[in-house]
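Coordinate inspection notes
Chain by chain, the residues:
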Amino acid sequence: MGSHGGRPVLKKITTAAAAVLLAALTACGSGGSGDAGSSGTAANDDGKITMGFAQVGAESGWRTANTKSIQEEAAAAGIELKFSDAQQKQENQIKAIRSYIQQKVDVIAFSPVVETGWDTVLLEAKRANIPVILTDRAIDSDDSTLYKTFLGSDFVEEGKKAGEWLKANAAGAKNVVELQGTTGAAPAIDRKKGFEDAIAGSDLKIVATQTGDFTRSGGKQVMEAFLKSVPQIDVVYAHNDDMGLGAIEAIKAAGKVPGKDIKIITVDAVKDGMTALAAGEINFIVECNPLLGKQLMELAKKVVAGEEVPPRVVTEEGTFTTEQAKTELPNRKY
């Protein structure tokens, strides 16, 4: 899920490099202030930066927290935010980006619905001299000059953490059903890959997989279908908490006990997910941090000023068991 069309870019990040990236994060992503020439456009005459942000949608608790973080931090940083919600449709995001180009904003940021099909519109932004920042999700493009930096999680690593935990705590479990995120979206592709890599060579196998579109209703529908069609389900691996919560409803409706009869592993760690984890209905959650607003605004100021920034900024994240969730839950902001 890297800039050069090849996904392996991230896998090469060593612990040392991760530490460096982390240090860069704490310093909000500066890679030294070498002037990058005319890449940044001059801020408006009043000196105020205008950012056009094209959001995926409001499909989950995670996304809502992500949006709130961006809106609040833009206001705190004195950045004028033009915001659009694409309702999970790529054509809506492309339309929003084109409108930001016409409005001559200073910087464009967006979280791409899917990985491919962005080259044309991003080339238009580049020709208009408007720098672009990717947040939360990467794109698959051979042209790494189309955006300045990508701020977000390492989704392959998230999937790997989920698979490693399951391998260590499988206790005879074999059959895994997978609730995938939106087809073609970076987190769905990468969380699947990381998980598959981690369980390779073990007794565990994914016996059914289908997209629930990152939504609670989607997770519930797919799980209902799995419970009818798959004779033996030991584990549910959901690409986000919302789909896992939907699966819990379906499992209860089928007369089974979530977390006991069927183990559940999810990604995100939003408040509702953590509540289910603390109650033992989910067994393990891999964190994906939605609060990217502050780092995004710091990066925006730098790229508009024409400063160099690292091409990849990774967010810091952990994992939670039931016991840890009980401790952490009161501090959860989202």
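Relevant structure appears above.
Residues numbered from 1 in each chain as written. Predicted model: local features only at pLDDT ≥ 70, side-chain atom pairs only at ≥ 80, totals over all residues. Heavy atoms only, no water.

If you walk through the whole model with that rule in mind, you get 19 salt bridges. Note that Glu158 is salt-bridged to Arg191, the shortest N-O span being 2.8 Å. Of this pair, Glu158 sits in helix α5 (residues 155-168) while Arg191 sits in helix α6 (residues 186-199), placing them 33 residues apart in sequence. Take Glu158: its relative accessible area is 0%, and that puts it in the buried class. For Arg191, a relative accessible area of 3% gives the class buried. In this structure, the salt-bridge partner of Arg216 is Asp272, at a minimum N-O distance of 3.0 Å. Taken as a pair, Arg216 in helix α7 (residues 216-229) and Asp272 in helix α9 (residues 271-278) lie far apart in primary sequence, 56 residues in all. A cluster of three or more residues bridged by salt bridges with shared partners is formed by Glu59, Arg63, Asp136 and Arg137. (Salt bridge = Lys/Arg side-chain N within 4 Å of Asp/Glu carboxyl O. Helix = DSSP H or I, 4+ residues; strand = E, 2+ residues; numbered from the N terminus. Buried < 20%, exposed > 50% of the residue type's maximum accessible area, 1.4 Å probe, protein only.)

Now for empty space enclosed by the protein. Counted by the stated rule, this structure contains one cavity of 30 Å³ or more. Of the voids in this model, the largest cavity is the one considered here, and its volume is about 100 Å³. Lining the largest cavity are 13 residues, and of these Trp62, Arg63, Arg137, Arg191 and Asp268 lie nearest its centre. Contributing elements (two or more residues each) for the lining of the largest cavity: α2 (61-77) and α6. Of the residues that constitute the lining of the largest cavity, the class distribution is five nonpolar, two polar and six charged. (1 Å grid on protein atoms, 1.4 Å probe; cavity = no way out; pocket = protein on both sides within 12 Å on 5 of 7 lines; lining within 4 Å. Points joined across faces, edges and corners; volume = space filled by probe spheres on them. Nonpolar A, V, L, I, M, F, W, Y, C, P; charged D, E, K, R; others polar.)

A few words now on the side chain of Glu287. Here Glu287 shows up in strand β10 (residues 284-287). Owing to a relative accessible area of 12%, Glu287 belongs among the buried residues under this scheme. Polar side-chain contacts of Glu287 include one of 2.8 Å to the backbone nitrogen of Gly318. Separated by 2.9 Å, the side chains of Glu287 and Arg332 make a polar contact. (Polar contact = N/O pair within 3.5 Å; in protein donor to acceptor, adjacent residues only side chain to side chain.)

The strand order across the open sheet formed by six strands is β2-β1-β3-β4-β5-β11, and the pairing between neighbours is parallel. Lying at the two open borders of the sheet, with one neighbouring strand each, are β2 (80-85) and β11 (312-314). Within this sheet the neighbouring strands show an average axis-to-axis angle of 20°, counted without direction. With three bridges connecting them, strand β5 (residues 149-152) and β11 associate as parallel partners. Looking across to β11, one finds that Leu151 is bridged to Val313. Taken strand by strand, helix α10 (residues 293-304) contacts β1 (50-55), β3 (107-110), β4 (132-135), β5 and β11, and its axis lies near 160° from that of β4. (Pairing = 2+ DSSP bridges. Axes fitted to C-alpha atoms, helices over the stretch in contact; angles between N-to-C directions. Contact = heavy atoms within 4.5 Å.)

Attention now moves to the packing of aromatic side chains. All chains considered together, the criterion is met by four aromatic pairs. Judged by centre distance (5.9 Å) and plane angle (10°), the ring pair of Phe53 and Phe83 falls under stacked. Here Phe53, found in strand β1, pairs with Phe83, found in strand β2; they are 30 residues apart in sequence, far enough to count as distant. By relative accessible area, which is 30% here, Phe83 ends up partly exposed. (Phe/Tyr/Trp six-rings, centres within 6.5 Å; stacked < 30°, edge-to-face > 60°.)

This paragraph deals with the sheet that holds strand β7 (residues 205-211). Judged by pairing direction, the sheet is mixed, and its six strands sit side by side in the order β7-β6-β8-β9-β10-β12 without closing on themselves. Each edge of the open sheet carries a strand with a single partner, namely β7 and β12 (319-321). Within this sheet the neighbouring strands show an average axis-to-axis angle of 15°, counted without direction. Lying over the sheet, α5 contacts β6 (175-180), β8 (235-238), β9 (263-268), β10 and β12, oriented at roughly 155° with respect to β10. In this fold α7 packs onto β6, β7 and β8, with an angle of close to 150° to the strand it touches most, β6.

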